[in-house]
Amino acid sequence: MGVSETTRTALVRLQDELARVAGAPVVLERPTKAEHGDYATNVALRLAGARKRPPLEIAAELARAAASAPGVERAETAPPGFLNLWLSPAWYGDALAEMLAAGGDYGGGSAGTARERVQVEMVSANPTGPITVASARNGAYGDSVARLLAFAGHEVEREYYYNDGGTQMELFRASVAAARRGEEPPEGGYGGDYVRELAAGEGDPVERTIELIDASLERFRIRFDGWSRQTEVEPEIADALAALPTYQRDGAIWVRTSELGDDKDRVAIRASGEPTYFAFDAAYIRRKLARFDRAVYVLGADHHGYVARLKALARGFGADPDRIDVLIYQLVHLTRGGEATKMSKRRGDVVTLDELVDEIGVDAARWYLVDRGPDRSLEIDVDLAKERSRKNPVYYVQYVHARTAGIFREAGAAQPDPVPTHEPDGEERNLVKRLAEFPRVAAEATERRAPQLVTDFAIRLADDFHRFYHDRSRHQVVGSPEQAFRLALMQATRSVIARCLDLVGVAAPDRM
RNA sequence: GCCCCCGUAGCUCAGUGGAGAGAGCAGCGGUUUCCUAAACCGCGUGCACAGGUUCGAUUCCUGUCGGGGGCACCA
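Read on for an overview of the structure. None of the values given here were measured: they were computed from a predicted structure.

## Thoughts on the pairing of strand 7 (residues 246–249)
Part 1 of the argument: Direction of pairing for strand 7 relative to strand 8 (residues 252–255): antiparallel, over a ladder of 4 bridges. Residue pairing for strand 8: glutamine 248 is matched across the bridge by isoleucine 253.
Part 2 of the argument: In sequence, strand 7 turns back onto strand 8 through a hairpin of 2 residues, with aspartate 250 there showing a positive phi of about 55°.

## Focus on helix 11 (residues 277–291)
Part 1 of the argument: Taking 1.5 Å as the rise per residue, helix 11 with 15 residues should run 21 Å; its terminal C-alpha atoms sit 21 Å apart, in good agreement.
Part 2 of the argument: Burial in helix 11 covers these residues: Ala279, Phe280, Asp281, Ala282, Ala283, Tyr284, Ile285, Arg286, Lys288 and Leu289.

## Regarding the sheet that holds strand 10 (residues 294–300)
Part 1 of the argument: Across the sheet, 5 strands lie side by side as 6-5-4-10-11; this open sheet has parallel pairing. Each edge of the open sheet carries a strand with a single partner, namely strand 6 (226–229) and strand 11 (324–329). Looking at each pair of strands side by side, their axes are set apart by 25° on average, direction ignored.
Part 2 of the argument: In this structure, strand 10 lies alongside strand 11, joined through 6 bridges in parallel fashion. By the bridge assignment for strand 11, alanine 295 is matched with isoleucine 324.
Part 3 of the argument: Of the strands in this sheet, strand 10 and strand 11 touch helix 12 (residues 306–316), which is tilted by about 170° from strand 11.

## Observations regarding the pairing of strand 5 (residues 155–162)
Part 1 of the argument: In terms of burial, strand 5 is a largely internal element, 6 of the 8 residues being buried.
Part 2 of the argument: Relative to strand 5, strand 4 (residues 117–121) is paired through 5 bridges, and the arrangement is parallel. Bridge pairing in strand 5 places glutamine 119 opposite glutamate 157.
Part 3 of the argument: With respect to chirality, the unit in which strand 4 leads through helix 5 (residues 133–152) into the neighbouring parallel strand 5 is right-handed.

Reading the values: rules and limits
- Residues numbered from 1 in each chain as written.
- Chains lettered and ligands numbered in written order.
- Predicted model: local features only at pLDDT ≥ 70, side-chain atom pairs only at ≥ 80, totals over all residues.
- Pairing = 2+ DSSP bridges.
- Helix = DSSP H or I, 4+ residues; strand = E, 2+ residues; numbered from the N terminus.
- Expected span 1.5 Å × (residues − 1).
- Buried ≥ 20, exposed ≤ 12 C-beta atoms within 10 Å, placed from the backbone.
- Axes fitted to C-alpha atoms, helices over the stretch in contact; angles between N-to-C directions.
- Contact = placed C-beta atoms within 7 Å.
- Right-handed = clockwise from strand over helix to strand, strands pointing away.

The quantities given are spatial measurements derived from coordinates; they are silent on function.
In C-alpha cells:
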C-alpha cells in the first residue's frame, strides 16, 4: 500500500454512504449534546433551498436510508432538519481495528495522489547573533507545517537561507574585527557579550554564528536539509533579471512588479551597481521554482509586504503564484508573572531560543509556540510554561502517552488481534469517536497550515482518555473481551497521541 | 493616506454558516485499597459596535471604533 492511498476510515465510509443517498457531500459532525446522537449532519438543511423541499422531509428520507446503512443502529431527524445517527457496537470495533491496522500511518496520507515536492524555508535569520524567541516561533511553526506536509505524503525539504555578504554582514564582521583589536564597534555596528565572545575566537564570525544557530535549532529538534547563502545565489541574479520585465530609471534597474500584482515597482540593481535584497530574492525564488512544486516561506508579520512581491516574482517567471505559499506569523511576547520581558536584537536584553529552552525545556517551548494560531500575537508566561504540573497542557498530553506506555509495559500485553466484540460504554465510545476524527484533523491542519488544530485536538483526546482511564473498574476484568477491547483502545490512543506530539515536535515519553 | 493581522470569560487564548460557545490560568469545594493524583468530578449572566447576505451569523461582506505590524536604491 502506498502512502498516496487515502485510507477510507469507518467514518469516511459512513459519510460516503450517506452522500450517495443524499446525492451531495456529507460531513458528519459530533453534536454537542448526547441526545443528538453519535454523529449528525446538516446536509438536509443545505439541500433544502436548491431542492425546494422542506429540510425535515429530506432529512426523514435520509434517515430511512441511513437506518439500514452498515454501522448505523438508529437514525432520527430533528428540527429544523438535522439528521442524527447512533452507531452500533460493531462500528466501534471496526473503527478501532482499522486504526490499529494502520498503525503509525493512521491519519496520514491526506495528500492522496496530489503529492508535491515542497520546500519549507524557515527561520532564515541573519547570522549576527543567537536565534531569538521571534525566530523560534518561526522555526516551531515552520517545522510543524513541514511535519504536517510530510505526514500528508508530500516530499518536504527544510531550508535555511542566510545573508553572508552585503553591507549588514560586513558591518557585523567589522564589529567583531574591531573587538579583536580592542576597539569600539563602527557606527551602527554590533556590540554586546556575543560579539566579544566571537572576538575571542578565530575565523569568520558569520560562519561561526551559523554553526551556533544550527546547534540551537538542532537542540530545538529542527533539522535543515539545506542551507543557502546569499553569495551563492548572487551569480544567478543576471539570468533572473533577464527573465523579468525591467527598465532603467535614475541610474538604477527596476523590475516592473506593479504589472505583476505588486503595488509598486522594485529596484533590483542600485545606481551604485549593487544588487538589492530584492534582486537576491528574485534569483533565489527562481531556484525554488525550478526544484520544487511549492515553495513555503515562513515570515514574521513585519514582512507581510513580501507576499505580493514574491508572488509577483513568480508571475514574472511565468509560474503560478499559488506555488508560492507565504505564511505570516505575529509577534511573541514573554511574560514572567505578568511582567513583560523585552526582545530586541539591538539592545542587550535579548531573549534567545537557548535561554527559553534552558528555562522551560524544548517540549514546552515547542508546544507553546504553535498552540496559538500564527496570525495572532503570542504571549508565553515562562513561569507557567516551566511548571511541570497539571497546569501545563503539554505535560497533560504527554502523560497520556506515559500512561498508555506504562500499561503495556506493566501488563506485557500485546495488541489484541482481532479487536474483540464488545459493547462500548459512553466513555469508550467518546474515545473511539475522538480517535476517528484524527485523520480529518490532520488533513485540515495540513491544508490550513494550522498546527494549533493538532494541539487543540491532543488536549481533547487527553481529556477523553483520562476520563476513560480514571474509572479503575475498567482495569479489573483481566482476560475478558472488555479488557481486550480496552487494550486495543489504549493502543490506538497511544499511537495517535504520539503522532500528535510528533507533529508539533514534542517528545512522547514512555515514563514521566 | 494605503496595506496586513487581531478585538470571544477577570487574564492568556481555542473554535464554528447551524441544535445551550470552550480550554488553560486565577478562585472555591470534593474524589486516592485501584498496572503514575502529572488524574478525575463540581461551581461561568463572554463573541467590540452598526448595517448587510442567509431559513439560520460569534463565523461571510461593508463600515465605525480600539490594539499591533508594515508601506526603502535597509537587510
